[in-house]
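# Inside the fold
Below are the chains, spelled out letter by letter.
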Amino acid sequence: MENNDDMDNVASAQAATNRAPDPWADLVRQVAQKRDRAAFQQLYKHYTPLIRAFLLKSMGAGGDRSEAEEITQEVLIKVWNKAASFNPAKASVNTWIFTIARNTRIDFIRRNERNDRKIEIEDIWHEPESPEPLVDLQQRRAEQVIRQAITSLPDEQLQVLYKAFMEGKSHNEVAEEMDLPLGTVKSRIRLALSKLQILIDR
Amino acid sequence: MSSAKAGINMVSFHPDSRFLTDFASGSLATSEAICVAAHLEFCAKCRAHVQQLSDLGAQIMTRIEPEEAVDADDEGFARLMQKIDDDAVHQQAEVPAPVVSAAPAQGLSLPRVVQKLAQGSIQSLNWVQLGKSLRIAPVNVGDGVRQTSLYDIRAGGQMPEHEHRGEEITVLLKGSFSDAEGKYVRGDFVVRHAGEKHQPTATMDTDCICLVSLERPVKPSSIWYRLLEPFVQFRLSGFSN
């Protein structure tokens, strides 16, 4: 936490967004810098049930509990090993862990596919990164908007987002499962995204 | 909002909300995801959207009601730390894997994912020459559904007119090309649907390199290429094993 530029950026980002600091970021920093097992245990207690539930849902009926356990453990090991790469200016711990869990899930699903492994999952799905502090700042503001606005989404819209992000279903799969036209799924998601001010103009 | 980088490239064709959402939620097929990832390196705006969508995924994840409140217990934690300690012992014994140096080919900076596909040099791919101006290098991404390839169209070269039988995604990596619908430059993410017919032509000044993901093989319109087609499909499918 010395006064280097990165830390100044974090401080100013936090001041400018006028938000409470990420309660988990400090724990990740302690894991990264001191290999602090007590800090890691707090992260473990909070995130293990969430990661496990996420993996159980997304692996569907075919996913068994012991597999979900195993992959949850894999995600937590990555959290321990990659803690130094976490940058609080760029993403919250929630988002960082979500992307690790998502990538681990994709990796698990693809392990059984015929693939000569020229490319790794993280060549395609990177952890959040952007080169500019100003962009980071805008992102952290956007994240706050999302967190606040999500509580006001109608169930109909929340349901499709839930299927997409928790169950890992594509637009096509959601349409099929809910017996809706693809266009309806797409417009529900777009409506939800515009309420969350994720303004994809296409 | 748009960064200087995006401004210079003037990327004007982007993946739509379906592509970006399915990408962020991790449900996009590998071949399509590779195209989105390549586009993201050229487009700050879409990068920002993907980050926002990941934030959204994280918010939804943290709102889950876990089925069981228990079993993030001390015993489970002890087992996890044991595994981490065991892994650490193993890793010390291993020689660290060398970092693949993805040297840019002839000053051409390719997106990371394409560099990995080409393993540093696009010249080393299995290129199949089709006529004078076009060569295609199929790459196996383990998708099993879609065909992923790099296209290299010689400056001023024209592709045979063809009709799409399924969706086609093209990401421009170098140069530019045009068809009846418009002109496309580096970074553009262009989607064509089944039934659409076009004849892209690379601009005169430079060769054009594209990343292409095809849902189904295209159908050439001209007699000459139709005669060639069984041969081409045979050659291409031969490489995708």
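Right above here is the structure, for reference.
All of the points below concern the structure found in this document. Just so it is clear, the structure is predicted and the values come from calculations on it, not from any experiment. (Residues numbered from 1 in each chain as written. Chains lettered and ligands numbered in written order. Predicted model: local features only at pLDDT ≥ 70, side-chain atom pairs only at ≥ 80, totals over all residues. Heavy atoms only, no water.)

## Remarks on the overall build of chain A
Assigned secondary structure in chain A consists of 10 helices and 0 strands. Starting at the N terminus and ending at the C terminus, chain A contains elements arranged as α-α-α-α-α-α-α-α-α-α. The burial tally for chain A puts 50% of its 202 residues in the buried class. Long-range pairs, those at least 24 residues apart, make up 61% of the contacts in chain A with a sequence separation of at least 6. (Helix = DSSP H or I, 4+ residues; strand = E, 2+ residues; numbered from the N terminus. Buried < 20%, exposed > 50% of the residue type's maximum accessible area, 1.4 Å probe, protein only. Contact = heavy atoms within 4.5 Å.)

## Observations regarding the interface of chain A and chain B
Taken together, the contact between chain A and chain B spans 74 residues of the former and 67 residues of the latter. The contact between chain A and chain B buries some 6500 Å² in all, and 59% of this surface belongs to carbon and sulfur atoms. The largest contributions to the chain A side of the interface with chain B come from Lys118(A), Phe165(A) and Arg202(A), which together make up 11% of the buried area. In this structure, the salt-bridge partner of Asp201(A) is Lys45(B), at a minimum N-O distance of 3.0 Å. Counting across the interface, chain A meets chain B through 19 residue pairs in polar contact (both at pLDDT 80 or more). Secondary-structure elements contributing two or more residues to the side of chain A that touches chain B are α3 (37-58), α4 (65-82), α5 (93-111), α6 (121-124), α7 (133-149), α8 (155-165), α9 (171-178) and α10 (182-195) of chain A. (Buried area = accessible area lost by both parts, 1.4 Å probe. Salt bridge = Lys/Arg side-chain N within 4 Å of Asp/Glu carboxyl O. Polar contact = N/O pair within 3.5 Å; in protein donor to acceptor, adjacent residues only side chain to side chain.)

## Observations concerning the packing of aromatic side chains
Tallying each qualifying case throughout the model produces 11 aromatic pairs over all chains. These aromatic residues form a ring-pair network of at least three members: Phe40(A), Tyr44(A), Trp80(A) and Phe77(B). Sitting above the plane of the Trp80(A) ring, Arg35(A) keeps its charged end 4.3 Å from the centroid. The ring of Trp127(B) is capped by Arg135(B), whose NZ or CZ atom sits 4.2 Å from the centre of that ring. (Phe/Tyr/Trp six-rings, centres within 6.5 Å; stacked < 30°, edge-to-face > 60°. Lys NZ or Arg CZ within 6 Å of the ring centre and 35° of its normal.)

Bear in mind that shape data such as this cannot, by itself, settle questions of function.
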